[in-house]
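As a plain string of letters, each chain reads:
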Amino acid sequence: VPLEETSLPLFFGWFLLPGIQDKVRCTSMDFLKTLDTLEAFKKHLPDFTVEAEKEVDLEQYFQANGVLHCTTKFCDYGKAEGAKEYADKLAVKELYGSAFELSLSALFVTPRTVGARVSLSEDQLTLWPADAEEVVSVVPAAATLPAGSRAHITLGCAEGVEPQQTGFDLLEILALQQEGQEGELVEEMELGSLAYYGKGRWLLSLREPISAQACFSSLYG
Ligand code: ACK
């Protein structure tokens, strides 16, 4: 393979620094540990898994993979649409290698993924690709959501689920909110308020957003 075809990374994104990765992983574990003991979760278990009779150990159910990050642009080594244009953006070149503070505003769980919602600042949105929310074939209402809606950190995926599913799951929940469905408020937890959006979708809005130091960089994988 000629070098010019491999000079673009697998993806660009913000990579969490080691200390904060541990903190986010611990917070996520605590949340999962609490969630699967809640009566409300047990009540909706058939929405979560087809094996309705069984209990679910959420910590086992999701597999974590790799360094925690928030993808900005998936480039697929240049094969993805708009990859070259993104890499050539002035903001991308100028901010490459810089430190950022990401704000993690919510945690969410679906039968497929567990993730954290990242609420991007104006500055951070300069690194956000314009087409990230244009995934109408997967989430029809996504294109009507504000730029940055898809920003997330994948914390774990169920067996056989691709990590890009986490962003789709988040968009689905945000689309429901936009339609005016606030979710069924289930519980005030220590971390924040937990709401249920049907079909096994849970959203914990954090009382105190987690501030996460991250480096804007890329992964060649
Ligand atoms: O969890 P993620 O955001 O979902 O981080 C990984 C990363 O790129 C490496 O696989 C994300 N990813 C994979 N495919 C795509 C895609 N087609 N569009 C956007 N993000 C993607 C995946």
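Residues numbered from 1 in each chain as written. Predicted model: local features only at pLDDT ≥ 70, side-chain atom pairs only at ≥ 80, totals over all residues. Heavy atoms only, no water.

Secondary structure assignment for the chain yields nine helices and nine strands. In summary, the chain has a C-alpha radius of gyration of 18 Å against a globular reference of 17 Å for 221 residues, a match within 12%. With 221 residues in all, the chain has 48% of them scored as buried. In the chain, 71% of the contacts between residues at least 6 apart in sequence involve partners at least 24 apart. (Helix = DSSP H or I, 4+ residues; strand = E, 2+ residues; numbered from the N terminus. Rg over C-alpha atoms; globule rule 2.2 N^0.38 Å. Buried < 20%, exposed > 50% of the residue type's maximum accessible area, 1.4 Å probe, protein only. Contact = heavy atoms within 4.5 Å.)

In the neighbourhood of the ligand, the contacting residues comprise Phe11, His69, Thr71, Phe74, Arg150, His152, Thr154, Pro163 and Gln164. Taking Pro163, its main chain carries an N or O atom lying 3.5 Å from an oxygen atom of the ligand. For the ligand, whose unbound accessible area comes to 450 Å², protein coverage reaches 77%. A molecule is said to occupy a pocket when more than half its atoms come within 2 Å of that pocket's grid points, and by this definition the ligand occupies the largest pocket. (Near = heavy atom within 4 Å. Polar contact = N/O pair within 3.5 Å; in protein donor to acceptor, adjacent residues only side chain to side chain. Areas by Shrake-Rupley, 256 points an atom, 1.4 Å probe, with all protein chains shown as cover. 1 Å grid on protein atoms, 1.4 Å probe; cavity = no way out; pocket = protein on both sides within 12 Å on 5 of 7 lines; lining within 4 Å. Sits in = over half its atoms within 2 Å of the grid points.)

A few words on the nonpolar core. Trp14 and Leu102 are the most contacted members of the largest nonpolar core, which totals 50 residues. Element by element, the count of residues in this core is highest for strand β9 (residues 202–219), at seven residues. In this structure, Leu102 is in contact with Trp14, Leu16, Cys70, Val118, Leu120, Gln124, Ile210, Ser211, Ala212 and Ala214, ignoring residues within four places of it in sequence. Formed by 16 residues, the second largest nonpolar core is a distinct cluster that contains Ala106, Val139, Leu145 and Ala195. (Core = buried A, V, L, I, M, F, W, Y, C linked by side-chain atoms within 4.5 Å.)

Time to look at the pattern of salt bridges. Inspection of every chain in the model, using the stated rule, returns seven salt bridges. Linking Lys93 and Asp88 is a salt bridge whose minimum nitrogen-to-oxygen distance equals 3.8 Å. The class of Lys93 is exposed, set by a relative accessible area of 52%. Note on Asp88: relative accessible area 39%, which makes it partly exposed. Two residues, Glu172 and Arg201, come together in a salt bridge whose shortest N-O distance is 2.7 Å. Note that Glu172 is positioned in helix α9 (residues 165–178) and Arg201 in the loop between β8 (192–196) and β9, a separation of 29 residues in sequence. According to the relative accessible area criterion, Glu172 is partly exposed, its value standing at 26%. (Salt bridge = Lys/Arg side-chain N within 4 Å of Asp/Glu carboxyl O.)

For the rest of this paragraph, the subject is the layout of surface pockets. Summary: where empty space remains is shown by rolling a probe the size of a single water molecule over the atoms. Considering only enclosed or pocket space, the largest pocket measures out at about 790 Å³ in volume. Around the largest pocket, the lining is made up of 28 residues, and of these Thr71, Lys73, Phe74, Arg150 and Gln164 lie nearest the centre. Residue assignment for the lining of the largest pocket shows that the elements contributing at least two residues are β3 (69–74) and β6 (152–158). If one sorts the elements of the lining of the largest pocket by residue count, β3 sits on top with six residues. In terms of residue class, the lining of the largest pocket is made up of 14 nonpolar, eight polar and six charged. (Points joined across faces, edges and corners; volume = space filled by probe spheres on them. Nonpolar A, V, L, I, M, F, W, Y, C, P; charged D, E, K, R; others polar.)

Our next topic: the environment of Tyr86. Relative to the helices and strands, Tyr86 is located in helix α6 (residues 83–87). When the C-alpha positions of Tyr86 and Ser119 are compared, they lie 21 Å apart, and in sequence the two are 33 residues distant. In contact with Tyr86, other than residues within four places in its own chain, are Phe12, Thr72, Lys73, Val92, Leu127, Pro129 and Phe216. Here the side chain of Tyr86 touches Leu127 through a polar contact of 2.6 Å, landing on its backbone oxygen.

This brings us to unusual backbone geometry. Among all residues except glycine, the phi angle is most often negative; among peptide bonds, the trans geometry is most common. The backbone of Asp76 sits at a positive phi, close to 50°, despite the residue not being glycine. On the secondary structure map, Asp76 appears in the loop between β3 and α6. With a phi angle near 50°, Lys199 is a residue other than glycine that sits in the positive phi range.

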